[in-house]
Amino acid sequence: MKYYLGILIVMIAVMGCGKKSTKPTPEIPKLIMTVDYSNIGVGQSSILTITLENIGDPIFAISLQLTYDHSILSFSDSLDFEAGDFLGSNVIAFVREESSIIHLSITKLQGQSGASGSGIICLLHFNGAVGGISDLNIARDNLRFYDSSGELIDMPNLEIGSAQIQVN
Amino acid sequence: MGRATIIILTLFLFGAASGQQLAINEFLSQNDTTVADQNGEYNDWIELYNYGATPISLANYHLSDKSDNLAKWTFPDIVIDSGVFLIVWADEDTTQAGLHANFKLSVTGEAIYLSSPQLNIIDHIVFGPQSSDISAGRFPDGTGAFKRMYPSFGVPNDGSEIIVPDPGAEIYGDTRVHTFRLHFNIENWADTLKHYFEDLGKEYYPVTVTFDDTLVIGSVGVRYKGNSSYAQSRNTPKKPFKLKFDKYQTEQTLLGLHFVNLHNCINDPSFMREAISYHIARSILPAPRTAYANLYVDSTLIGFYVMAEQVDPTFLGGQFATNENNLYKAGNDGANMEYKGSHRSDYESDYSLKTNENDNDWSRFIRMIYKLNHTPDNVFTDTMSLYLDLDYCIRLLAFNMVLSNFDSYTGSGRNYYLYDDQIGGNFKIIPWDLNESFGVFTNGWDVIAQDAVNLSNLDNRPLANRILSNDSLQLVYLNYISQMISGPASYDSVSAMVGRLRLVIEEYVQADNNKLYDYQHFIDNIENDVTIGMGKVIPGMKAFSQARNANLSLQSTYLRIYPGDTDNNGVVNALDILPIGIFFLIEGHARAGAKIFWLGQRTPSWDTPAATYADANGDGVIDENDIVAIGVNWGNIHSTTAQSNEINPVDIEYLRPYMSNLQTIYKNLSGDSEPVKQIKALLQTILDLKPAVPSEFVLSQNYPNPFNLETNINFSLDKDRRISIAIYDITGKLITRLIANQSFSSGSHNIRYDASNISSGIYFYRLSSEEESIIHRMVVVK
């Protein structure tokens, strides 16, 4: 009996030693775009929420260009913009619409800490103008993240989502 | 190696007292045994001398070792009588009785300033490295030039100057040409040297040397030398040589020199690169001297060589207060000064220790490298000065940039020494191997147009990176470049040196049948680029100098952008939104290597210089992305000597054309932050600002004036009026009526006048109403 117990202990020890430690794999950072209503009528509104998830390096500022179809959806100016909780509202935000492109820059202020983890960058309010389908996209080339010293943060594995609003 | 050494005494200015016959007469910066103060301490001292006829009150006079803090130490209310010598101890011990300044003197050299109560400099001296118990004093007292001397504490100087033994003095000199004859005891000496060099680890072979056909020295070690210079000339008779005079006979030297290097001018058809480059380097740095030499084996001429002074204890003794400390040489594979760990073995492949090999103590070196790589930015300059002489490093980087000497730390990461100058308190950098200066070694860069600051390899050059990413140090660096291209490395200076050397060496070059390039290459390369083997282009000495200096001069006109300070008024604040509005969506060239962190970044001006500053992120377009730089740098300040472009927010006339842009910014700006509130308030003020109803009948000066085609005429009415505006020539003849008895409401008005149909000259414009009229003059220039 002692003999078998010894074997069992050795086997458990060997199995224990052989077991690799499981290190959590860093989750892939994502930029997610969701709309509260994907089907709206002319004159009705839909809110696009742009969210970041699984951000490692603290982000201090973001600039991006969002494309949509301004013949289908209308977006005017900063009144259609709400800062999210990711960078907070104590920011300088600039949002400008130009021919189906929304130029957006949001920056925290010197002395503040960058943001990491997950959270909402901003909410953008669109109104249905005429019937049709508008895609909402952010091209990787037009998306920049900065750290607190203004250095660009490279995020090559960032998954960028998209959204769509149909106006009936 | 115990030789006490006195080194270069660099006295830039012997100040004549301006009105006051008071002078810094003598100083001692390393007092070990001469005179002690009342506490028995051997401290540095400064001697003043009143060489005038009347007493001088020193109350509130100052002594300092810093030009930017002349009032560092203030004299008490004392008087120095005529003909009296007054001692001030420089010992940082102001609690002692007597005169004790709150600074010490650096044995490696610094400055002393004597200033009046109004901070006018009465006398000052900038001095180089000093030696223990050797002072520097004026002779005649008060007015003469400084000489190295045995201290004469508080008494007149006797004028006897200490002559420092200089082992190289009889050998080196830019235009000296020597003769070395090697006498081997074997026939196949060339193969033997090759075997000793390649197979036996650069081993020496014994030889007898005759110097200048007069001095015969036996048992001298000789070997080939070099890395790429040897490899590239391996199959030619003219390889580089090294002579070691004490290899077999301890204490044997050539007139005090232990080594002689004979360089074969590989990649330098002009034969001048090393001589001229070291000459320029010596104007700002400790650097080897050169001479020329014909090298013979018995009576056979091997070739005409450049002699470059060995960086060894003999050299160090001539440059620093002691030559006894560690000397490191950067390895041929590059030594970028990156911290690689705390063990000697982490660095031995990159550097070689050239002195004190038996002790083999690398601890101070490793600590210096660690500090270079890990000291926080905000204390970098002060901290590093304890470990590394940043000023020397900056000078070397500037030198490398001016001469496009990129086979150096700047480019390849090699060809330099680091000497642990413990008396001076930190490591000193020394240049080496300059045969590929003047743009021969390109490092893949444009040797004429390479930007002095934006270097592609900075991530791998911590020394250069930390200097160039520090605003203050970068400015010092750029100033050194400016000084060099207008001084020792100016085109005129280089041309003069080239001419002088040619007169001396041309006959020797012509007679050198083993030279690596032909005589025509030599002649051509003095002026212009030549192409040697493998299509390699060697820049002409004068052509390079002219083009490189012109480019660096142009670079000196670059604007210095602090991202976010878009009006360059020295602070990032709400006003910085205005240039973004004014130049919104205007495009220009992008800023090379642009960053938006708080660092002055150089860039050529756009057509509109003010717009250059507004492109805060440097991407070549002024838009919302530039606002990020305002947020990142909000509240940051900098000092600038460049023009401020701050816009007066109540200058409604100036802002009027940009109202639409400002409106766009106003309505698109969002956020609850203080900057947004301030910017919105500012824009609200501007956008709501209406010209007040004027209280007077006013005709403003036209603008622009003088003008070519069109000009603006502004006028204001205190009430509704019927008015006329007419243009007259200088004889009073009516040219045209712009407004003829028309009704205008009270307020400000603007009309434009098209002068395309009149010729150059002086004209008048007249505003008139029923009650009054005003006339102004305008000038048309075509």
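Throughout this document, residue positions are counted from 1 along each chain, in the order its sequence is written. Numbering of ligands from 1 and lettering of chains from A proceed in the order in which they are written. With pLDDT at 70 or above as the cut-off, local features in this predicted model cover only qualifying residues; side-chain atom pairs require 80 or more to be listed or tallied, and sums for whole chains, interfaces and linings still use all residues. Note that water and hydrogens are dropped before the side-chain values are worked out from all heavy atoms of the structure.

Trainee: I keep staring at the overall build of chain B and nothing clicks. Help me out?
Mentor: A run of H or I in DSSP counts as a helix once it spans at least four residues, and a run of E counts as a strand once it spans at least two, with each numbered from the N terminus. Scanning chain B from N- to C-terminus turns up 18 helices and 35 strands. Buried positions account for 55% of the 782 residues belonging to chain B. As presented, chain B carries roughly 31,800 Å² of accessible surface, and 48% of it is formed by carbon and sulfur atoms. Remark: exposure states derive from per-residue accessible area (1.4 Å probe, protein chains only) relative to the maximum for the residue type, with buried under 20%, exposed over 50%, and partly exposed in between. Accessibility throughout is a Shrake-Rupley quantity obtained with a 1.4 Å probe, and a residue counts as covered only by protein chains that appear here.

Trainee: I keep staring at the pattern of salt bridges and nothing clicks. Help me out?
Mentor: Where charged atoms of side chains with opposite charge meet at close range, the side chains can pair. Residue and element names in this part refer to chain B. Only one rule defines a salt bridge in this text: a Lys or Arg side-chain nitrogen within 4 Å of an Asp or Glu carboxyl oxygen. Overall, the coordinates contain 31 salt bridges over all chains when judged by the stated rule. Arg-273 is paired through a salt bridge with Asp-268; the nearest N and O atoms lie 2.9 Å apart. Considered together, Arg-273 and Asp-268 belong to a single accessibility category, that of buried residues. A salt bridge links Arg-502 to Glu-506; the nearest nitrogen and oxygen atoms lie 3.0 Å apart.

Trainee: I'm lost on the interface of chain A and chain B in this one. Help?
Mentor: The contact rule is simple, with two residues in contact once any of their heavy atoms fall within 4.5 Å. With 28 residues of chain A at the interface, the matching set in chain B holds 30 residues. Accessible surface is computed with a 1.4 Å probe, and the buried area is the amount of it that two parts give up when combined, taken over both parts together. Interface area for chain A against chain B, summed over the two sides, is near 2,300 Å², with a carbon-plus-sulfur share of 56%. Summed over the three residues of chain A that lose the most area to chain B, namely Ile-92, Phe-94 and Gln-110 of chain A, the buried surface amounts to 28% of that side. Run the count over chain A and chain B and you get two salt bridges. With its nearest N and O atoms 2.7 Å apart, the salt bridge here joins Arg-96 of chain A to Glu-624 of chain B. Under the rule applied, a polar contact is a pair of N or O atoms within 3.5 Å (in protein, one hydrogen donor and one hydrogen acceptor; residues adjacent in sequence only if both atoms are side-chain atoms). Our count for the chain A to chain B interface comes out at 13 residue pairs in polar contact (both at pLDDT 80 or more). Contributing elements (two or more residues each) for the side of chain A that touches chain B: strand S4 (61-67), strand S7 (92-98), strand S8 (101-107) and strand S10 (132-146) of chain A. Any residue outside Ala, Val, Leu, Ile, Met, Phe, Trp, Tyr, Cys, Pro, Asp, Glu, Lys and Arg is labelled polar, Gly included; the first ten of those are nonpolar and the last four are charged. Residues that form the side of chain A that touches chain B fall into these classes: ten nonpolar, twelve polar and six charged. Pairing between S7 of chain A and strand S28 (residues 669-670) of chain B: two bridges, direction antiparallel. A pair of strands is treated as paired once DSSP finds two or more bridges between them.

Trainee: Just checking my understanding: could you explain the environment of Asp-350 of chain B for this structure?
Mentor: Residues and elements named next belong to chain B. Considering the arrangement of structural elements, one finds Asp-350 in the loop between strand S20 (327-330) and strand S21 (351-353). Judged by relative accessible area, Asp-350 falls into the buried class, the value being 10%. In this structure, the C-alpha to C-alpha distance between Asp-350 and Gly-413, residues 63 residues apart in sequence, is 10.0 Å. Setting aside residues no more than four positions away along its own chain, Asp-350 makes contact with Lys-329, Ala-330, Gly-331, Gly-334, Ala-335 and Lys-340.

Trainee: Quick question: what am I supposed to make of the sheet that holds strand S18 (residues 290-297) of chain B here?
Mentor: Within a sheet, adjacent strands bond to each other through the backbone by hydrogen bonds, running parallel or antiparallel. Residues and elements named next belong to chain B. Strand order in the closed barrel formed by seven strands is S13-S14-S15-S16-S17-S19-S18, and the pairing between neighbours is mixed. Here the strands of the sheet are splayed against their neighbours by 40° on average, with no regard to which way each runs. Relative to strand S19 (residues 300-308), strand S17 (residues 259-263) is paired through three bridges, and the arrangement is antiparallel. Across the sheet, residue Leu-262 finds its bridge partner in S19, namely Met-307. Its contacts with the sheet put helix H3 (residues 273-282) on S17, S18 and S19, and the angle it makes with S18 is roughly 150°. Axis lines are fitted through C-alpha atoms, for helices just across the contact stretch, and the angle between N-to-C directions can take any value from 0 to 180 degrees.

Trainee: Explain the packing of helix H7 (residues 390-402) of chain B against helix H9 (residues 471-486) of chain B to me, please; I cannot follow it from the model alone.
Mentor: A pair of packed helices is characterised by two quantities: the angle between their axes and the separation of those axes. Residues and elements named next belong to chain B. At a minimum axis separation of 9 Å, H7 and H9 run at an interaxial angle of 50°. Considering their axes alone, H7 and H9 lie oblique with respect to each other. Read as a crossing pair, H7 and H9 show a hand that is right-handed. Contacts from Leu-390, Asp-391, Ile-394, Arg-395, Leu-397, Ala-398, Phe-399, Met-401 and Val-402 of H7 reach H9 at Leu-473, Val-476, Tyr-477, Tyr-480, Ile-481, Met-484 and Ile-485. In the contact of H7 with H9, the residues fall into 14 nonpolar, no polar and two charged. Throughout this description, any angle smaller than 35 degrees is read as roughly parallel, any larger than 145 degrees as roughly antiparallel, any in the 65 to 115 degree range as roughly perpendicular, and the remainder as oblique. Left-handed is the label given to a crossing in which the near helix is rotated counterclockwise from the far helix by less than a right angle, and right-handed is the label when the rotation is clockwise.

Trainee: What is the right way to read the pairing of S20 of chain B from this model?
Mentor: Consecutive residues of a regular strand have side chains that alternate between opposite faces of the sheet. Residues and elements named next belong to chain B. The sheet contact formed by S20 and strand S22 (residues 416-421) spans three bridges and is antiparallel. By the bridge assignment for S22, Tyr-328 is matched with Leu-418. With three bridges connecting them, S20 and S21 associate as antiparallel partners. For Ala-330, the partnering residue across the bridge sits in S21 and is Tyr-351.

Trainee: What is the right way to read the nonpolar core from this model?
Mentor: Generally speaking, nonpolar side chains in soluble globular proteins are found buried as a group. Counting 91 residues, the largest nonpolar core has Met-272, Met-337, Phe-365, Leu-388, Leu-463 and Tyr-477 of chain B as its most contacted members. Element by element, the count of residues in this core is highest for H7 of chain B, at ten residues. Filtering out sequence-adjacent residues up to four positions away, Leu-463 of chain B remains in contact with Met-337, Leu-372, Leu-388, Leu-390, Cys-393, Tyr-409 and Ile-429 of chain B. In these notes, a set of buried Ala, Val, Leu, Ile, Met, Phe, Trp, Tyr and Cys residues joined through side-chain atoms within 4.5 Å is what counts as a nonpolar core. Within the second largest apolar cluster, 39 residues are counted, among which are Ile-72, Ala-93, Ile-106 and Ile-121 of chain A.

Nothing here speaks to function; it is geometry throughout.
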